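# Tertiary structure, described
So you can see what is in the structure, the chains are spelled out below.
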Amino acid sequence: MDFSLNQEQEMFRGYVRKYLDGAGQTKTARAYIEGENESLRTLLSGLAELGCSSINISEDHGGMGLGPLDLIPVLEETGRSLLPGLFLETNALAVPLIEKFGTEVQKDRYLAEIAAGRKTFSLAWLEPGGSYGPSDINLEAKSLNGQLILSGVKSMVPDAGLADHYIVLVRTGKGKRNDGITLLIVDRNETNITMESQKNIDETRHLAALSFHDVEIPMGQVLGSMHQGWDALQEGLLSFNAALSAVIVGCMEKVVEMAAEYAKIREQFGQPIGRFQAIKHRIVDMKMDLETARSLAYYANWALESGAEDRVQAVSCARIFATKAFVRISSDNIQVHGGIGFTEEIDCHLFVKRARFYENYLGSTEQYYKQAATALGW
Amino acid sequence: MDFSFTTKEEKFRLELRAWLEENLPEGWLEGTSNVSKDEGEYAVFLRNWQRKLYEGGWAAIAWPKKYGGREATLMEEIVYQQEMVRVKAPALVNYVGIHMVGPTLMQIGTDEQKSKYIQKIITGEEVWCQGYSEPNAGSDLSAIQTSAVKDGDRWIINGQKVWTSFGHLADRCFLLARTNRFDKKHKGITVFLLDMNQPGVETRPIIQMDGQHDFNEVYLNDAIAYDAEIVGEVDEGWKVTIALLMHERTGIGAQVFTLEQQFKELVALAKELKEDDMPLMDNPLVRHTMVDLYTRTRGSLLNYYRNLTKTLKNGHPGAEGSMDKLMVSELTKELLSQSISLQGHKGVLWKEDAISSNSYWQDNYLYSFGQTIGGGTSEIQKNTIGERILGLPKDMGR
Ligand SMILES: Cc1cc2nc3c(=O)[nH]c(=O)nc-3n(C[C@H](O)[C@H](O)[C@H](O)COP(=O)(O)OP(=O)(O)OC[C@H]3O[C@@H](n4cnc5c(N)ncnc54)[C@H](O)[C@@H]3O)c2cc1C
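Each chain carries its own residue numbering, running from 1 in the direction its sequence is written. Chains carry letters from A onward and ligands carry numbers from 1 onward, assigned in written order. Only residues with pLDDT of at least 70 get local features here, since the model is predicted, and only at 80 or more are side-chain atom pairs given and counted; chain-wide, interface and lining totals rely on the full set of residues. The side-chain numbers reported here are obtained from all heavy atoms of the structure, hydrogens and water having been left aside.

## Some points on the overall build of chain A
Going by this rule: Only DSSP runs of H or I reaching four residues or more are called helices, and only runs of E reaching two or more are called strands; each is numbered from the N terminus. Our radius of gyration looks at C-alpha atoms and nothing else; its globule reference is 2.2 Å times the residue count to the power 0.38. Only protein chains enter the accessibility calculation, which uses a 1.4 Å probe; a residue is then buried when its area is under 20% of its type maximum, exposed when over 50%, and partly exposed in between. We call two residues in contact when some of their heavy atoms are within 4.5 Å. Methods summary: accessible areas were calculated by the Shrake-Rupley approach with a probe of 1.4 Å, and residue burial reflects only the protein chains presented. Charge assignment: positive for Lys and Arg, negative for Asp and Glu; neither His nor the chain ends contribute. In this description, the location of a charge corresponds to atom NZ of lysine, CZ of arginine, CG of aspartate or CD of glutamate.
The number of helices and strands found in chain A is 11 helices and 10 strands. The C-alpha radius of gyration of chain A comes to 21 Å, within 12% of the 21 Å expected for a compact globule of 378 residues. Each of the three principal axes of chain A carries a C-alpha extent, and together these read 80 × 45 × 45 Å. Sorting the 378 residues of chain A into buried and exposed places 60% on the buried side. Here the analysis covers contacts within chain A between residues at least 6 apart in sequence; of these, 74% occur between residues at least 24 apart. Approximately 14800 Å² of chain A is accessible, and the part contributed by carbon and sulfur atoms is 50%. Chain A carries 37 positive and 49 negative side-chain charges, and their two centres are separated by 5 Å.

Next up, the structure:
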């Protein structure tokens with residue numbers, strides 16, 4: 001029995017923490033809100049130099065060939081500092097999808113670039129008025145002369161302006177709801193795509209609608225099999241959700257620290273507010289949520305890495321718990337801080353907003369409840 | 001990361017399993033055994049069970065071999081708890097003796113105390129209880145008022161204890177009494193190994209809300225203890241109390257595994273019960289609640305394993321035990337509450353009229369209220385977690 005990250009993993013966490021602390025933690029996120037992208041670019045290439053972006057890429061393609069557990073420290077640390085950008089989407093969704101379903105050409109083209117921190121991926125899934133459900137994928141991709149011609153609109157594409165490539169969910173066949181969906185890798189600077197930014201409560205993440213006007217994509221850009229994109233995506237989402245849970249654990253850890261530190265120094269009625277049980281016990285509840293989220297997240301990543309039988313329920317439960325608990329405790333953190341917590345000045349609000357961003361990101365909480373119940377055989 | 005048990009641990013499990021199959025009371029595993037509900041007969045039944053455990057070498061597995069234990073590792077203790085929970089083994093009547101008093105005496109008892117008490121603890125010949133709480137000293141244990149006054153080589157003890165589990169069955173009590181009124185609250189307390197079978201000790205039953213009688217009031221009227229029955233130093237009993245707590249290596253383990261088991265049983269209940277011809281489990285709201293409970297049950301088990309890993313690495317348990325206790329006891333209450341809700345109005349039927357399996361859910365539901373109180377209330381656990389783990393300032397008045 002050993003339920004802990006190993007020494008190397010913890011040591012690596014140490015390097016990443018030191019680096020991100022050195023960069024001023026949420027300073028980069030705040031700069032990004034102001035529209036200054038340069039510090040983020042510098043920070044990401046620094047992380048790449050540390051090796052972060054190559055961890056889970058196969059050795060054949062310039063990576064370290066490690067698994068989800070080794071990614072945890074990086075994910076948690078990026079969560080602590082609310083790092084903007086597409087590290088999660090790239091390394092925990094695009095990489096597993098390309099590793100598992102990509103052609104040799106695709107692997108050669110993308111994996112080494114990702115490993116080196118030079119390329120990032122975003123995901124174009126939602127459509128205006130639609131949900132994350134398969135029946136809401138309507139963006140049409142017609143076959144013509146060995147190419148696919150895309151027309152339609154995707155919305156809420158995360159950090160569309162930062163991404164080098166998009167994984168786009170398109171409808172290629174009439175089929176049933178989840179038949180006839182295909183995944184495509186599309187370059188951002190493909191002609192005939194227009195981008196319109198969308199305002200987002202979490203300003204550390206930029207959203208945009210992408211309009212595709214007869215965009216011509218070569219067949220070689222299909223990721224996995226034609227019409228079978230939905231099933232492939234589900235595999236990718238397992239990795240994504242296990243990783244997302246770890247990011248959230250990092251966010252939550254920071255939130256609990258903020259609350260506890262503030263409760264020690266802020267005095268009212270002649271004593272630190274942390275002495276009042278209404279405050280103390282609330283922070284303990286936050287801490288309990290944090291540790292449960294952590295246990296579930298670590299286990300989910302272990303289950304994925306070791307191919308355990310219960311991996312689907314492990315991942316969906318980790319995600320459900322983490323997303324809900326993050327909303328809960330980041331909100332409580334504002335209450336613990338009083339008036340200052342309600343301002344833009346300190347970071348409390350940034351965490352609430354990120355919590356809301358993640359809550360129903362790439363699938364609603366309710367969908368994950370259903371997924372868990374089905375996986376449990378109920 | 002590794003969630004497996006070693007071959008040695010699995011071998012240990014099989015050995016225990018085989019022993020249990022052989023030695024559990026007739027019909028126990030099949031659920032057809034009929035243990036007497038008469039209190040006296042039940043007490044005999046429990047003592048006999050402990051005797052049997054002892055003879056098989058399974059009464060105090062963590063104890064040193066020279067005292068009849070098998071020097072089990074922490075992981076073997078975990079396996080032991082899992083297996084005992086799995087078969088819903090009869091209660092260990094001398095829990096206090098085996099898990100608290102015995103190890104404490106081995107650590108700080110005199111040679112005379114060791115030879116006088118330890119053997120009888122493991123055989124079940126002498127059952128122990130823990131005399132801490134008093135009417136005016138519960139969460140604040142240091143407020144105890146029971147007094148012990150020196151009289152030659154004897155001490156005359158007066159006062160009242162309450163909530164004394166096993167008190168009506170016990171031969172001896174690990175008793176806290178005040179020996180010095182003038183010292184600060186935590187000082188001036190002494191631990192006595194009190195003989196319960198004497199005229200100065202009167203035990204009265206307290207009936208719990210689940211209709212059972214596990215704990216008692218204990219009245220001490222000129223009860224006698226001797227110098228030789230003091231553990232550690234006079235007035236330094238608080239240290240002994242703390243030392244005793246450190247022997248709880250496996251913490252809340254048995255309750256974690258029970259919770260896990262009860263969750264599985266709850267799933268079966270939700271599949272079996274129907275409303276308007278539809279299994280409850282097919283109702284999306286029920287499924288939702290069950291996924292939540294599954295998630296949190298897994299969460300507490302995994303938290304427990306994570307803390308266990310720390311204990312294994314550090315060699316001793318840390319303050320995280322409070323987190324396990326808080327989480328598991330609170331969640332147990334919620335889970336059992338759900339078991340009543342699922343039964344609809346029939347959830348209030350009790351005892352022989354309960355609709356499912358011998359009132360199992362009703363009894364456990366009612367019993368669960370004690371779990372967030374006994375062993376330190378949830379509020380006290382939160383103080384401990386806040387102060388010892390998060391470093392928040394201490395509660396007023398302490
Ligand atoms: C099933 C069971 C078995 C038991 N077995 C034994 C036994 O064998 N031997 C023994 O000595 N005792 C035993 N106890 C007693 C147990 O230890 C006490 O009940 C417990 O410590 C609480 O004390 P109390 O009942 O006096 O409640 P109180 O301390 O009066 O508490 C009442 C309420 O006030 C809250 N409270 C008290 N202090 C604080 C604080 N500082 N901050 C916030 N809230 C506070 C409590 O959390 C609780 O909600 C047992 C209890 C139970 C339920």
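## What to know about the environment of Glu9(B)
Residues and elements named next belong to chain B. By the element assignment, Glu-9 lies in helix H1 (residues 7-23). Between the alpha carbons of Glu-9 and Glu-76 there is a distance of 6.0 Å; along the sequence they are 67 residues apart. The contact partners of Glu-9, leaving out residues within four places of it in the chain, are Met-75 and Val-79.

## Re the side chain of Asp347(A)
Residues and elements named next belong to chain A. With respect to the helices, strands and loops of the structure, Asp-347 is situated in the loop between helix H9 (311-337) and helix H10 (348-359). Asp-347 gets classed as buried once you look at its relative accessible area, which sits at 16%. Excluding residues that lie within four positions of it along the chain, Asp-347 makes contacts with Thr-26, Arg-30 and Met-258.

## Side note on the site of the ligand
Using the following cut-off: The near set for a molecule or strand comprises every residue that places at least one heavy atom within 4 Å of it. Polar contacts, as used here, are pairs of N or O atoms within 3.5 Å; protein pairs need one atom able to donate a hydrogen and one able to accept it. Residues neighboring in sequence count only if both atoms are side-chain atoms. We call Asp, Glu, Lys and Arg charged. Ala, Val, Leu, Ile, Met, Phe, Trp, Tyr, Cys and Pro are nonpolar, and the rest, Gly among them, are polar.
Among the 18 residues in the neighbourhood of the ligand, the closest are listed as Ser133(B), Ser139(B), Trp163(B), Thr377(B) and Glu379(B). Chains contributing residues near the ligand are chains A and B. Take Ser139(B): an N or O atom from its side chain is 2.6 Å from an oxygen atom of the ligand. At 2.7 Å from an oxygen atom of the ligand is found a side-chain nitrogen or oxygen belonging to Thr377(B). Isolated, the ligand exposes 960 Å² of accessible area, and the fraction of that covered by the protein chains is 66%. Taken together, the residues that form the shell around the ligand break down as 5 nonpolar, 11 polar and 2 charged.

## Examining the pairing of strand E7 (residues 215-226) of chain B
Worth spelling out the cut-off: Only strands that DSSP links by at least two bridges are regarded as paired with each other.
As paired elements, strand E3 (residues 154-165) of chain B and E7(B) share 9 bridges and run antiparallel to each other. By the bridge assignment, Ile157(B) is partnered in E7(B) with Ala223(B).

## Some remarks on the pattern of salt bridges
Filter applied, for reference: Salt bridges, as used here, are contacts in which a Lys or Arg side-chain nitrogen is within 4 Å of a carboxyl oxygen on Asp or Glu.
A full pass over the atoms with the stated rule returns 51 salt bridges over all chains. The salt bridge involving Arg13(A) is made with Glu77(A); its shortest N-O contact spans 3.1 Å. Residue Arg13(A) is located in helix H1 (residues 7-22), and its partner Glu77(A) is located in helix H4 (residues 68-80); the two are separated by 64 residues in the primary sequence. A relative accessible area of 9% means that Arg13(A) is categorised as buried. Linked through salt bridges whose partners overlap, the residues forming this network are Glu10(A), Arg13(A), Arg17(A), Glu76(A), Glu77(A), Arg80(A), Glu253(A), Glu257(A), Lys287(A), Glu291(A), Arg294(A) and Arg306(B).

## Comments concerning the interface of chain A and chain B
Interfaces are frequently sized by the accessible area removed from exposure as the parts join. Spelled out, the test is: Put simply, buried area is how much 1.4 Å-probe accessible surface two parts lose in total, over both of them, once they are put together.
Across the boundary between the two partners, chain A contributes 44 residues, which contact 45 residues of chain B. In this assembly, chain A packs against chain B so that about 4100 Å² is buried in total across both faces, 67% of it on carbon and sulfur atoms. Of all residues in chain A, Met1(A), Phe3(A) and Trp378(A) bury the most surface against chain B, accounting for 24% of the area lost on that side. At the surface where chain A touches chain B, the tally comes to 6 salt bridges. Note that Asp310(A) and Arg298(B) form a salt bridge whose closest N and O atoms lie 3.8 Å from each other. Inspection of the chain A/chain B interface yields 21 residue pairs in polar contact (both at pLDDT 80 or more). When contributions to the side of chain A that touches chain B are tallied by element, the ones reaching two or more residues are helix H7 (229-265), strand E10 (271-272), helix H8 (277-305), H9 and helix H11 (365-375) of chain A. When residues of the side of chain A that touches chain B are assigned to their parent elements, the largest contribution, 16 residues, is made by H8(A). Residues that form the side of chain A that touches chain B fall into these classes: 23 nonpolar, 10 polar and 11 charged.

## Considering unusual backbone geometry
Residue and element names in this part refer to chain A. One non-glycine residue, Met-156, adopts positive backbone phi at about 55°. Tracing the backbone through its elements, the reader meets Met-156 in strand E3 (residues 147-158). Exposure remark for Met-156: the relative accessible area of 42% places this residue in the partly exposed category. The phi dihedral of Asp-214 falls on the positive side, at around 45°, and the residue is not glycine. If you trace the backbone, Asp-214 turns up in strand E7 (residues 207-218).

## With respect to the nonpolar core
To keep things clear, this is the line we draw: Note on terminology: a nonpolar core comprises buried Ala, Val, Leu, Ile, Met, Phe, Trp, Tyr and Cys residues joined through side-chain atoms within 4.5 Å.
Membership of the largest hydrophobic core comes to 218 residues, with the highest contact counts inside it found for Trp125(A), Ile283(A), Trp378(A), Phe174(B) and Tyr305(B). Sequence-distant contacts of Trp125(A), defined by excluding residues within four places in its chain, comprise Tyr132(A), Ile137(A), Lys154(A), Leu169(A), Trp230(A), Leu233(A), Leu237(A) and Leu362(A).

## Description of a nonpolar patch on the surface
Residue and element names in this part refer to chain A. The test is simple: Grouping into patches uses exposed residues only, defined as over 30% relative accessible area, and leaves out salt-bridged ones; the cut-off is 9 Å for like charges and 5 Å for nonpolar side chains (Val, Leu, Ile, Met, Phe, Trp, Tyr).
A grouping of Met-11, Tyr-15 and Leu-50 is seen on the molecular surface, where their side chains present a nonpolar patch of about 290 Å² in accessible area. Within the fold, Tyr-15 resides in helix H1. Exposure remark for Tyr-15: the relative accessible area of 46% places this residue in the partly exposed category.

## Side note on the pairing of strand E4 (residues 165-171) of chain A
Residues and elements named next belong to chain A. Within E4, 7 of the 7 residues are buried, which leaves the element mostly enclosed by the surrounding structure. Of the two faces of E4, the one lined by His-165, Ile-167, Leu-169 and Arg-171 and the one lined by Tyr-166, Val-168 and Val-170 are each fully buried. Two elements, strand E1 (residues 121-124) and E4, share 4 bridges in a ladder whose sense is parallel. In the strand pairing of E4, Ser-122 is matched with Tyr-166.

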